[in-house]
Amino acid sequence: MSVGRMSGGKLVIASHNPGKVREIADLLAPHGLSVVSAARLGLPEPEETGATFAENAILKATDAANASGLPVLADDSGICVAALGGQPGIYSARWAGPDKDFTVAMQRIERELAGAADRSAAFICVLCLAWPDGRYETFEGRVDGTLVWPPRGTKGFGYDPMFVPEGGSLTFGEMDPAAKHAISHRARAFAKVLARGVADLR
Ligand code: IMP
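### Observations concerning helix H2 (residues 18–28)
Along an α-helix, a turn takes 3.6 residues, which lines up residues three or four apart on a common side.
So, step 1. Buried residues of H2: Gly19, Lys20, Val21, Glu23, Ile24, Leu27 and Leu28, and no others.
So, step 2. Those residues of H2 that are buried lie in contact with strand E1 (10–13), strand E2 (34–37), helix H3 (53–68), strand E3 (72–81), helix H5 (177–183) and helix H6 (185–196).
So, step 3. Measuring from the side-chain oxygen of the N-cap residue of H2 to the backbone nitrogen of glycine 19 gives 2.9 Å; that N-cap residue is asparagine 17.

Structure below.
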């Protein structure tokens, strides 16, 4: 019997961000996988000391797999702004400050852009699957787009209201969740997880 089965078919999501947990649960539900968040299990949130999205995703996933004895999926993601040399990148959550105020974080991007002509940006997501025996695998997804000001829409989270994906006219904040899930960085990383197969995670 796999550890996944012993957990009652639940995969631990190593995130304390309710917006992300909701999106991941939505993305996994059609594949017969239900999730439980690390926050719900009372697992501590490790410090993100990695220098890349992948390093942070591995750190969060392996830490939670170790602490819970269950298979874990972790997500490390953020927005990389070309004219800011890829910032805020892995610091995307930290730019929102202790109050996790993304109005402040979006204002900082706009301020630092200082009228730059190049408003291109990309959301990047690295997913890491980890097992209690120390194994792990990573999967990366990316969506390119343009930043708008002022921010628009209240349907998403984080930097969604200022990001218009390539080829579109609505921001992620204005799009229905299903439309965002069809093209997002997280959905693209998920497609790679699904291509690998999820039978051993049920
Ligand atoms: P972390 O991966 O938990 O360190 O934080 C990633 C941060 O990047 C989030 O808190 C959001 O601010 C931002 N982010 C990641 N994915 C998205 C997204 O799909 N929409 C909007 N913001 C996102």
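### Brief notes about the layout of surface pockets
So, step 1. Reported here for the largest pocket is a volume of approximately 790 Å³.
So, step 2. Asn17, Lys20, Glu45, Glu48 and Ala93 are, among the 36 residues lining the largest pocket, the residues nearest its centre.
So, step 3. At the level of elements, H3, E3 and H6 are the ones that each hand at least two residues to the lining of the largest pocket.
So, step 4. In the lining of the largest pocket, the residues fall into 14 nonpolar, nine polar and 13 charged.

### Focus on the sheet that holds E1
So, step 1. Ordered in space as E2-E1-E3-E4-E5-E6, the six strands form an open sheet in which the pairing is mixed. Every interior strand has two partners, whereas the edge strands, E2 and strand E6 (163–165), have only one. Across the sheet, the mean angle separating the axes of adjacent strands is 35° when strand polarity is ignored.
So, step 2. Relative to the sheet, H3 contacts E1, E3, strand E4 (120–130) and strand E5 (136–147), its axis offset from that of E3 by approximately 160°.
So, step 3. Packing of H6 onto the sheet brings it into contact with E3, E4 and E5, and relative to E5 it is tilted by some 150°.

### Focus on the state of the cysteines
So, step 1. Tallied over the entire structure, the rule returns zero disulfides.
So, step 2. In this structure cysteine 80 is a free cysteine whose sulfur lies 12 Å from that of cysteine 125, the closest cysteine sulfur available.
So, step 3. The cysteine cysteine 128 is free of any disulfide, with cysteine 125 supplying the nearest cysteine sulfur at 11 Å.
So, step 4. Given the relative accessible area of 0%, cysteine 128 is considered buried.

### Quick notes on the pattern of salt bridges
So, step 1. One pass over the full model with this rule turns up 15 salt bridges.
So, step 2. We note a salt bridge from aspartate 133 to arginine 135, for which the minimum N-O separation is 3.1 Å.
So, step 3. The class of aspartate 133 is exposed, set by a relative accessible area of 54%.
So, step 4. Here the residues in one salt-bridge network are Lys20, Glu23, Asp75, Asp160, Lys180 and Arg186, joined through shared partners.

### Some details on the pairing of E3
So, step 1. In terms of residue burial, E3 counts as a mostly covered element, since 10 of its 10 residues are buried.
So, step 2. Burial of E3 is two-sided: the residues Val72, Ala74, Asp76, Gly78 and Cys80 facing one way and the residues Leu73, Asp75, Ser77, Ile79 and Val81 facing the other way are all buried.
So, step 3. Bridge count for E3 against E4 is 10 bridges, and the pairing is antiparallel. Within the sheet, the bridge partner assigned to aspartate 75 lies in E4 and is leucine 127.

### Considerations on unusual backbone geometry
So, step 1. At the junction of glutamine 87 and proline 88, the peptide bond is cis and its omega measures out at -5° in the coordinates.
So, step 2. Here proline 88 shows up in the loop between E3 and helix H4 (102–113).
So, step 3. Of note, the phi angle at lysine 100 is positive, near 50°, even though the residue is not glycine.
So, step 4. Tracing the chain through its elements places lysine 100 in the loop between E3 and H4.
So, step 5. Among the residues examined, lysine 100 registers a relative accessible area of 56% and is labelled exposed.
So, step 6. The phi dihedral of alanine 114 is positive, around 45°, even though this residue is not glycine.
So, step 7. Taking relative accessible area as the criterion, alanine 114 reaches 65% and is therefore assigned exposed.

Analysis parameters
Residues numbered from 1 in each chain as written. Predicted model: local features only at pLDDT ≥ 70, side-chain atom pairs only at ≥ 80, totals over all residues. Heavy atoms only, no water. Buried < 20%, exposed > 50% of the residue type's maximum accessible area, 1.4 Å probe, protein only. Helix = DSSP H or I, 4+ residues; strand = E, 2+ residues; numbered from the N terminus. Contact = heavy atoms within 4.5 Å. Polar contact = N/O pair within 3.5 Å; in protein donor to acceptor, adjacent residues only side chain to side chain. 1 Å grid on protein atoms, 1.4 Å probe; cavity = no way out; pocket = protein on both sides within 12 Å on 5 of 7 lines; lining within 4 Å. Points joined across faces, edges and corners; volume = space filled by probe spheres on them. Nonpolar A, V, L, I, M, F, W, Y, C, P; charged D, E, K, R; others polar. Pairing = 2+ DSSP bridges. Axes fitted to C-alpha atoms, helices over the stretch in contact; angles between N-to-C directions. Disulfide = S-S within 2.5 Å. Salt bridge = Lys/Arg side-chain N within 4 Å of Asp/Glu carboxyl O.

Coordinates in, geometry out; function isn't part of it.
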